[in-house]
Amino acid sequence: MASRQGGFAQTMRFAYDYRQQQTIKTLLQPAFKAEIRLQKYFYIQKMIMLTGIPLPKDTVRPPETVLVNITPQETRVAMLEENNICELHIERNSGHGLVGNIYLGVVRRVLPGMQSAFIDIGLERAAFLHIVDVLEQRRNPEEIQRIEHMLFEGQSVLVQVIKDPINTKGARLSTQISLAGRFLVHLPQEEHIGISQRIEDESERNSLRDRLNNLLPENACRGYIIRTSAETATDAELQADIDYLTKVWENILHQSKTQPPETLLYQDLPLSLRVLRDLFSENTREILVDSKENYLRMREFAEQYVQGATDKITLFKGERPLFETHNVEQEINRSLQPRVNLNFGSYLIIESTEAMTTIDVNTGGFVGARNFEETIFRTNLEACHTIARELRLRNLGGIIIIDFIDMLSEEHREAVLQELAKALSFDRTRVTLNGFTSLGLVELTRKRTRENLNQVLCEPCPSCQGRGRLKTPQTVCYEIQREIVREARRYDAKSFRILAAPNVIDLFLDEESQSLAMLIDFIGKPISLAVETAYTQEQYDIVLL
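Going by the annotation in an unreviewed UniProt entry, the name recorded for the chain is Cytoplasmic axial filament protein, with Neisseria animaloris given as the source organism. For the record of the chain, the UniProt heading Cofactor (unreviewed entry) holds the text "Mg(2+)".

Right under this line is the structure:
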C-alpha cells in the first residue's frame, strides 16, 4: 500500500513538474524566439563585417568625358559623368606619383616583432615592406613565413612601390613585380594566368586563357593577368602587349645587375598616357586635351597601344581654359570644403582624420512635402549618390563612417543600403560596404593608394598647426600673463615688453586692462605693449628690458 501511494505521489509530482515545465516553456517561448532572432542577427552582421555587402556588377555606367589639362608644372585629369566631375588626378613635375616604380633597394632594418623591414630606395624616408607583400609569402599563404629568414641588413632587393608615401608614412613596397600593359599585367615571377573578376562569363574566360597560351612561346614566362579591356582585343594587339612587357622586364633585369643600389630601374607612364592605358573604355565618349604637343603624343601612343581611343582624342581650342569651360575649377575649390550642399536645402559634412573619415547627413532646410519619415528617406537616398561621388572626387580612403539620418522603417534602411551599394559600384577603387552597425551608422572601407585631394592641394595651417581652431585672444592674454610671472621669477629685468597681434593688444588695453595693472603691481615692474601686425593670433614674444 505504501509503495502504491509512493508510486502515485511520484506520478503526481512528475505530472505537476511536467505541467510546470510546459507552463514555463510557454511563458519563455517568446524570449527564446527573440534570443534566436538576436543570435541570427549578430551572425548575419558578423558575416557582413567579414565579407561585406556585395556591390551590383551589372550597373550601366553613364558616358564619360575625360579632360586633360597640361601645363609645364603639372598635369591634371578630370573625369566627368553626365557633366558632373567624379574623379580628379593630379601629377606635378616636382613630385611624380611613385606607385608602379621599380627600385633596387637596400635593406636597412629588419623588425622581426612587426614582421616587416625598412628598405632604402633613395627617397627622403625609408620605404616599408611587410611580410604579406614578400613574394615567398604570397606564393604560400598557408605557410607561416618569417621575414628575418628572408632578408638581412645590407641586402640588395628588387622592390616595387604599391602605395605612395602618405603624411609621415613612407612608401609601401612589394617584392612581387607587376608590369601593367593595355590588355595584360605581366607577373614575371609567376607561372599562372589570371583573369579579371569583371569578366564573369566562364566560356569567355576560358577562351581568353586559351588565346593567351597560344600566343606565348613554349619557354616564355606565363605569369599574366588578363585585364577587362582584353575582351575586345585582337590577337595582334595581345601579341604587341606581350612583346612590349617582355622587353620592359628584360631591361629591368639588365639594369638590376649593372646599376648601384637605391637606383630607379623603371618608372610608370606619365599621367597623360596612363589615362589611355587605365581609364579609357568603351564608355569613354571624348578625351579633350589642351596641349598640342601632348595631344600628338597621346595620339601616337593610342595608335600603337589603344587603337580604339585614337578617334576620341580631341585638341581643345576654346577661348576660355579647359577646366574653366567645364566648371571644374569651381568644383575643385568646393571639394576642399567640409560642407557639400544637396538639393532642396539638405547637406553633408565630410571630415577626414588620420584614423577615418566621417560623413554626416543633415536635412538642413529641406521640409519635404508629405511627412517627416518620407523627408528623411528622400534625403538619405539623395545623399547616397553624392557620397559615392565625393569619395571618388576627394579620393578618400581607409575607414569611412556615414551617419545617415535615423530611419524607423527597416524597409527604408534596406533601400538606402541598396542605393548606396549601387552608387559605390561605379568606383574603380576597391570598396567594401559593411552595412549598418549597432549604433545605426554605415561602415565601409575604400582602398587607399595615394594622398587624398586635400593632402595634395593643401597643407596644415601655420597659425593653428592643422587643428582647425585658434586660441581666443583672451586665452592668449592669460598665457602671456603667466609667462611674465615665470620670467619675473627667473630674471631680474627692469621692465617687460609684450609683442603680440593687434587683437591681443587691443584686449590688454580694453577688457584686460585691470588684470594687466594687477600684474604690474604683483611683479613690481613696468610692462609696455607693442603691436606686431605680422604675428598670428597665437603668436607673441616677451622682451626683457
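Caption draft 1: Here's a closer look at the overall build of the chain. Along the chain, the regular secondary structure elements total 14 helices and 24 strands. Scored against the burial criterion, the 545 residues of the chain give a buried share of 42%. Counted over contacts in the chain with a minimum sequence separation of 6, partners at least 24 positions apart contribute 66%. Per element, the accessible surface of the chain, about 30900 Å² overall, is 51% carbon and sulfur.

Caption draft 2: Representation of the sheet that holds strand β24 (residues 540-544) in the model. The strand order β23-β22-β24 describes an open sheet built from 3 strands, whose pairing is mixed. The open sheet terminates on both sides in strands that have one partner only, identified here as β23 (527-531) and β24. Pairs of neighbouring strands in the sheet enclose a mean axial angle of 20°, with direction left out of account. Pairing of strand β22 (residues 496-500) with β23 involves 5 bridges; the strand directions are parallel.

Caption draft 3: Seen up close, the layout of surface pockets. The volume enclosed by the second largest pocket comes to roughly 1200 Å³. In terms of lining residues, the second largest pocket is bounded by 38 residues, among which N167, S352, N452, N454 and Q455 are the most central. Only β17 (347-352), β18 (356-362), β19 (398-403) and α11 (453-457) provide two or more residues apiece to the lining of the second largest pocket. Of the residues contributing to the lining of the second largest pocket, the split by class is 14 nonpolar, 14 polar and 10 charged.

Caption draft 4: Quick peek at the sheet that holds β18. Ordered in space as β16-β17-β18-β19-β21-β20, the 6 strands form an open sheet in which the pairing is mixed. Strands with a single pairing partner mark the edges of an open sheet, and in this sheet they are β16 (339-341) and β20 (431-436). When strand polarity is set aside, the average angle formed by the axes of neighbouring strands in this sheet is 20°. Note that β19 and strand β21 (residues 442-446) share 5 bridges and pair antiparallel.

Caption draft 5: Examining the packing of aromatic side chains more closely. Evaluated as defined, the whole model comprises 1 aromatic pair. Between the NZ or CZ atom of R339 and the centre of the ring of Y347, over which it lies, the distance is 3.8 Å. The positively charged end of R413 is found above the aromatic ring belonging to F436, 4.3 Å away from the centroid.

Caption draft 6: Up close: the pairing of β17. In this sheet, β17 lies alongside β16 in antiparallel orientation, the contact comprising 3 bridges. Within β17, the position partnered with V340 by the bridge is L348. Connecting β16 to the next strand, β17, in antiparallel fashion are 5 residues, including F344 with a positive phi near 65°. Bridge analysis of β17 against β18 gives 6 bridges, and the strand direction is antiparallel. Within β18, the position partnered with S352 by the bridge is T357. Hairpin remark: β17 followed by β18, antiparallel, with 3 residues in the connecting loop.

Caption draft 7: Spotlight on unusual backbone geometry. Even without a glycine there, the phi angle at N327 is positive, about 65°. Structurally, N327 can be placed in the loop between α7 (322-325) and α8 (328-335). Even without glycine at this site, N395 takes up a positive phi of about 55°. Structurally, N395 is set in the loop between α9 (372-394) and β19.

Caption draft 8: Structural detail: the confidence of the model for the chain. When the pLDDT values of the chain are averaged, the result is 85; 89% of them are 70 or greater. Scored below 50 in pLDDT, residues 1-6 makes 0 contacts in the model with residues more than four places away or belonging to other chains. This model gives residues 30-38 a pLDDT under 50, and the stretch forms 0 contacts once residues within four places in sequence are excluded.

Caption draft 9: Region of the structure containing the pattern of salt bridges. Per the counting criterion, the structure on display carries 27 salt bridges. When the shortest N-O distance is used, the salt bridge between R76 and E329 registers 2.7 Å. Of this pair, R76 sits in strand β2 (residues 74-81) while E329 sits in helix α8, and the two are 253 residues apart along the sequence. With a relative accessible area of 12%, R76 lands in the buried category.

Caption draft 10: How the structure looks around the packing of α9 against helix α10 (residues 410-424). Look at α9 against α10: their axes get within 9 Å of each other, and the N-to-C directions meet at 20°. Considering the angle they form, α9 stands roughly parallel to α10. Considering how the two elements wind past one another, α9 and α10 form a crossing that is right-handed. Residues E373, E374, F377, N380, L381, C384, H385, A388 and L391 of α9 pack against H412, A415, V416, E419, L420, A423 and L424 of α10. Of the residues contributing to the contact of α9 with α10, the split by class is 10 nonpolar, 3 polar and 3 charged.

Caption draft 11: Structural view of helix α3 (residues 202-215). Between the first and last C-alpha of α3 there are 20 Å, a value that for 14 residues agrees with the 20 Å anticipated at 1.5 Å per step. Considered for burial, the residues of α3 that qualify are R205, L208, L212 and L215. Here the buried residues of α3 occupy an arc of 100° about the axis, which is enough to place them on one side. In the core, the buried residues of α3 are packed alongside β10 (184-186), β11 (193-195), β12 (224-226) and α4 (235-258).

About the thresholds
Residues numbered from 1 in each chain as written. Predicted model: local features only at pLDDT ≥ 70, side-chain atom pairs only at ≥ 80, totals over all residues. Heavy atoms only, no water. UniProt positions renumbered as here; feature names shortened; annotations may be inferred. Helix = DSSP H or I, 4+ residues; strand = E, 2+ residues; numbered from the N terminus. Buried < 20%, exposed > 50% of the residue type's maximum accessible area, 1.4 Å probe, protein only. Contact = heavy atoms within 4.5 Å. Areas by Shrake-Rupley, 256 points an atom, 1.4 Å probe, with all protein chains shown as cover. Pairing = 2+ DSSP bridges. Axes fitted to C-alpha atoms, helices over the stretch in contact; angles between N-to-C directions. 1 Å grid on protein atoms, 1.4 Å probe; cavity = no way out; pocket = protein on both sides within 12 Å on 5 of 7 lines; lining within 4 Å. Points joined across faces, edges and corners; volume = space filled by probe spheres on them. Nonpolar A, V, L, I, M, F, W, Y, C, P; charged D, E, K, R; others polar. Phe/Tyr/Trp six-rings, centres within 6.5 Å; stacked < 30°, edge-to-face > 60°. Lys NZ or Arg CZ within 6 Å of the ring centre and 35° of its normal. pLDDT = per-residue confidence, 0-100. Salt bridge = Lys/Arg side-chain N within 4 Å of Asp/Glu carboxyl O. Parallel < 35°, antiparallel > 145°, perpendicular 65-115°, else oblique. Left-handed = near helix turned anticlockwise from the far one by under 90°. Expected span 1.5 Å × (residues − 1). Arc of directions from axis to C-beta.

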